[in-house]
Amino acid sequence: MKLPAQLEWLVEALATVMMVGLCATLAAGLLLLMAPHVLAAVNLRMSRWVDTRDLFRVLEHPRELERFFYRHHRTLGALIVAGASYVLLRWWFAFDRDAFVRVIDRWWRSSGLDFLVPAIESIIVGFHLAILMVGLVIFLRPSLLKVIERHGNRWHHILPAERLDTIIGPLDESIVSHPRLAGLVISLASAWSLAMLIPPFFNLLSR
């Protein structure tokens, strides 16, 4: 099955990232086999503890925007109405459905995905009609949104930072205590994965 031209670059990029990652993993495995002390020294320099408690403490402070919203509701409502109206007017007067179908390409249509055009069109139009209605309410009567605000504007506490500041799994200790065994397993796994990936990778690049 031939991929559409719009997706070929994405597949090539993903395959390249996988190849680079596997080569780096193979190099790390071989280094564990032949010179585990070098990798241990590198790991010691790179293993720096990052304390997330201060970061989450900042996120725990609520930011009150209701006063700004109600004070400038006409400006905000006018901007929302103008944006939604622009999208709907562009759809009504300037939308080229045939050009959109050409972008989808033959592969999509032959796969039975031609229904995406009216589906995406309906979603975009319905979404912007809803935005237009919300903008009109904000412009004319923002107090009508207070019921929605009471239900939606609830403060949710995040997980305690101490849970995220806990080391889970003694992986480093297992590798340090058996470096050559770990290096052998990593090297074999990455070499086998590379052997499986190299032929389709070069076939993909030769297209």
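Within each chain, residue numbers correspond to sequence positions counted from 1 in written order. Totals for whole chains, interfaces and linings use every residue, but because this is a predicted model, local features are given only for residues with pLDDT of at least 70 and side-chain atom pairs only at 80 or more, for both listing and counting. Hydrogens and waters are ignored; side-chain quantities use all the structure's heavy atoms.

K.L.:
Tell me about the overall build of the protein chain, residues and numbers included.
P.N.:
Along the protein chain, the regular secondary structure elements total eleven helices and zero strands. Put simply, DSSP marks the helices as runs of H or I at least four residues long and the strands as runs of E at least two long, and each gets a number from the N terminus on. When the helices and strands of the protein chain are listed from N to C terminus, the series reads α-α-α-α-α-α-α-α-α-α-α. The buried label goes to any residue with under 20% of its type's maximum accessible area, the exposed label to any with over 50%, and the partly exposed label to all in between, with areas taken from a 1.4 Å probe on protein chains only. Burial analysis of the protein chain (207 residues in total) assigns 17% to the buried set. In the protein chain, of all internal contacts separated by at least 6 residues, the share reaching a separation of at least 24 is 84%. Computed with a 1.4 Å probe, the accessible areas rest on the Shrake-Rupley method; for each residue, only the protein chains presented here act as cover. Surface accessibility of the protein chain: about 16100 Å² in total, with carbon and sulfur atoms responsible for 70%. Whether two residues touch is decided by their heavy atoms; if any such pair falls within 4.5 Å, the residues are in contact.

K.L.:
Tell me about helix α5 (residues 73-94), and name the residues and values.
P.N.:
Taking 1.5 Å per residue, 22 residues should reach 32 Å; α5 reaches 31 Å between its end C-alpha atoms and fits that length. When we look at burial in α5, the residues that qualify are His73, Gly77, Val81, Ala84 and Leu88. Projected down its long axis, α5 carries its buried residues within an arc of 80°, all on one side. Facing away from the buried side of α5 by over 90 degrees, the exposed positions are Leu79, Tyr86 and Phe93. On the buried face of α5, the contacting elements are α4 (66-71) and α7 (116-140). Under the convention used throughout, the expected extent of a helix is 1.5 Å for every residue step, that is, one less than its residue count. The directions from the helix axis to the C-beta atoms are what the arc is built from.

K.L.:
Account for the packing of aromatic side chains, with residues named and values stated.
P.N.:
Aromatic rings from Phe, Tyr and Trp, with only the six-membered ring used for Trp, were paired whenever their centres fell within 6.5 Å, and each pair was classed as stacked if the ring planes differed by under 30 degrees, edge-to-face if by over 60, and tilted otherwise. Per the stated rule, a full pass over the model turns up two aromatic pairs. Geometrically, the ring pair formed by phenylalanine 69 and tyrosine 70 is edge-to-face, given 5.1 Å between the ring centres and 80° between the ring planes. Working rule: Lys NZ or Arg CZ, within 6 Å of ring centre, within 35 degrees of ring normal, means a charge sits over the ring. Arginine 74 extends its terminal NZ or CZ atom over the ring of phenylalanine 139, reaching a point 5.3 Å from the ring centre.

K.L.:
So, the nonpolar core: which residues are in play, and what are the values?
P.N.:
We call a set of buried Ala, Val, Leu, Ile, Met, Phe, Trp, Tyr and Cys residues a nonpolar core when their side-chain atoms join them within 4.5 Å. Within the largest apolar cluster, seven residues are counted, these being Ala15, Met19, Leu22, Leu194, Leu197, Phe201 and Leu204. Residues Ala84, Leu88, Val125 and Leu132 belong to the second largest nonpolar core, which totals five residues.

K.L.:
Which residues make up the layout of surface pockets, and what values do they have?
P.N.:
Counted as a void, the largest pocket has a volume near 260 Å³. Lining the largest pocket we find eleven residues, and of these Leu32, Leu39, Ala40, Asn43 and Ile175 sit closest to its centre. Looking at the lining of the largest pocket, the elements with two or more residues in it are α2 (36-46) and α10 (171-177). By residue number, the principal contributor to the lining of the largest pocket is α2, which donates six residues. Any residue with an atom within 4 Å of a point lines the site, the site being either a cavity, points on a 1 Å grid over the protein atoms alone where a 1.4 Å probe fits but cannot get out, or a pocket, an open set with protein on both sides within 12 Å along at least 5 of 7 lines. Grid points are joined across faces, edges and corners, and a volume is the space filled by probe spheres set on the points.

K.L.:
Before we move on, can you summarise a nonpolar patch on the surface with the specific residues and values?
P.N.:
The patches described consist of residues with a relative accessible area above 30% and no salt bridge, like charges being joined within 9 Å and nonpolar side chains (Val, Leu, Ile, Met, Phe, Trp, Tyr) within 5 Å. Whenever Lys or Arg places a side-chain nitrogen within 4 Å of a carboxyl oxygen from Asp or Glu, that contact is recorded as a salt bridge. On the surface, a nonpolar cluster with roughly 380 Å² of combined accessible area is contributed by Leu181, Leu184, Val185 and Leu188. Looking at the secondary structure, you find leucine 188 in helix α11 (residues 179-205).

K.L.:
Before we move on, can you summarise the environment of isoleucine 131 with the specific residues and values?
P.N.:
Here isoleucine 131 shows up in helix α7. With relative accessibility at 26%, the residue isoleucine 131 sits in the partly exposed group. Along the primary structure isoleucine 131 and glycine 83 are separated by 48 residues, whereas in three dimensions their C-alpha atoms are 9.0 Å apart. Those residues in contact with isoleucine 131, other than ones at most four positions away along the chain, are Ile80 and Ala84.

K.L.:
Give me the lowdown on the confidence of the model for the protein chain, citing residues and values where you can.
P.N.:
Values of pLDDT, which run from 0 to 100, indicate the predictor's confidence residue by residue. On average, residues of the protein chain carry a pLDDT of 78, and 76% of them reach 70 or more. When mean pLDDT is taken per element in the protein chain, α5 scores highest with 90 and helix α9 (residues 161-164) scores lowest with 56.

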